[in-house]
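A look at the structure
Read off the chains here:
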Amino acid sequence: MTGLSTILIVVGLFLAGGVYSFKKQKMPTGVIVLLGLSSLMCLVAGVLRIQGIWE
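Within each chain, residue numbers correspond to sequence positions counted from 1 in written order. Reporting of local features is limited, given that this is a predicted model, to residues whose pLDDT is at least 70; pairs of side-chain atoms are given and counted only at 80 or more, and all residues count toward the totals for whole chains, interfaces and linings. To obtain the side-chain values, all non-hydrogen atoms of the structure were included, while hydrogens and water were left out.

1. Some words on the packing of helix α1 (residues 2-24) against helix α2 (residues 29-51)
Between α1 and α2, whose axes approach to 8 Å, the crossing angle comes to 155°. What the angle tells us is that α1 and α2 run roughly antiparallel. Seen from above, α1 lies across α2 with left-handed handedness. Residues that form the contact of α1 with α2 fall into these classes: 17 nonpolar, 7 polar and 2 charged. Comment: axis = line fitted to C-alpha atoms, over the contacting stretch for helices; angle = value between 0 and 180 degrees taken between N-to-C directions. Secondary structure follows DSSP: runs of H or I at least 4 residues long count as helices, runs of E at least 2 residues long count as strands, and numbering of each begins at the N terminus. Oblique is the label for any angle not under 35 degrees, not over 145, and not in the 65 to 115 range, which are roughly parallel, roughly antiparallel and roughly perpendicular in turn. The handedness criterion is simple: a crossing whose near helix is rotated anticlockwise from the far helix by less than a right angle is left-handed, and one whose near helix is rotated clockwise is right-handed. Ten residue types, Ala, Val, Leu, Ile, Met, Phe, Trp, Tyr, Cys and Pro, are classed as nonpolar, four, Asp, Glu, Lys and Arg, as charged, and the remainder, Gly among them, as polar.

Structural data, given as structure tokens:
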């Protein structure tokens, strides 16, 4: 299932870009933290699926 892994990584990078953008716009810290955690979870899930640890 490398397709799903790729999608998870792309979404994670997209959310990471959102964190950067929100930080520059001085958005509320809670929103930035929530978006950062979402990004991290997507990236970790994608990498674990590529490595075959989590299927």
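2. Points about α2
Along an α-helix, residues three or four apart share an orientation, since each turn contains 3.6 residues. End to end, α2 covers 33 Å across 23 residues, agreeing with the expected 33 Å (1.5 Å per residue, within 8%). Among the residues of α2, Ile32, Leu35, Ser39, Cys42, Ala45, Gly46 and Arg49 are the ones counted as buried. Against the buried residues of α2 lie α1. For a helix, the expected span equals 1.5 Å multiplied by the residue count minus one. Note on classification: 1.4 Å probe, protein chains only; a residue is buried when its accessible area is under 20% of the maximum for its type, exposed when over 50%, partly exposed between these limits. Should any heavy atoms of two residues lie within 4.5 Å, those residues are counted as being in contact.

3. Notes on a nonpolar patch on the surface
By definition, no residue in a patch forms a salt bridge, and every one has over 30% relative accessible area; like charges are joined within 9 Å, nonpolar side chains (Val, Leu, Ile, Met, Phe, Trp, Tyr) within 5 Å. The protein chains shown are the only cover counted for residues, whose accessible areas, like all others here, come from Shrake-Rupley with a 1.4 Å probe. Note on definitions: salt bridges are taken to be side-chain nitrogens of Lys or Arg within 4 Å of carboxyl oxygens of Asp or Glu. Taken together, Val33, Leu37, Leu40 and Val44 make up a surface patch of nonpolar side chains, about 350 Å² in accessible area. Residue position: Leu40 is located in helix α2.

4. A short note on the side chain of Ser5
On the secondary structure map, Ser5 appears in helix α1. Exposure remark for Ser5: the relative accessible area of 0% places this residue in the buried category. Setting aside chain neighbours within four positions, we find Ser5 in contact with Gly46, Arg49 and Ile50.

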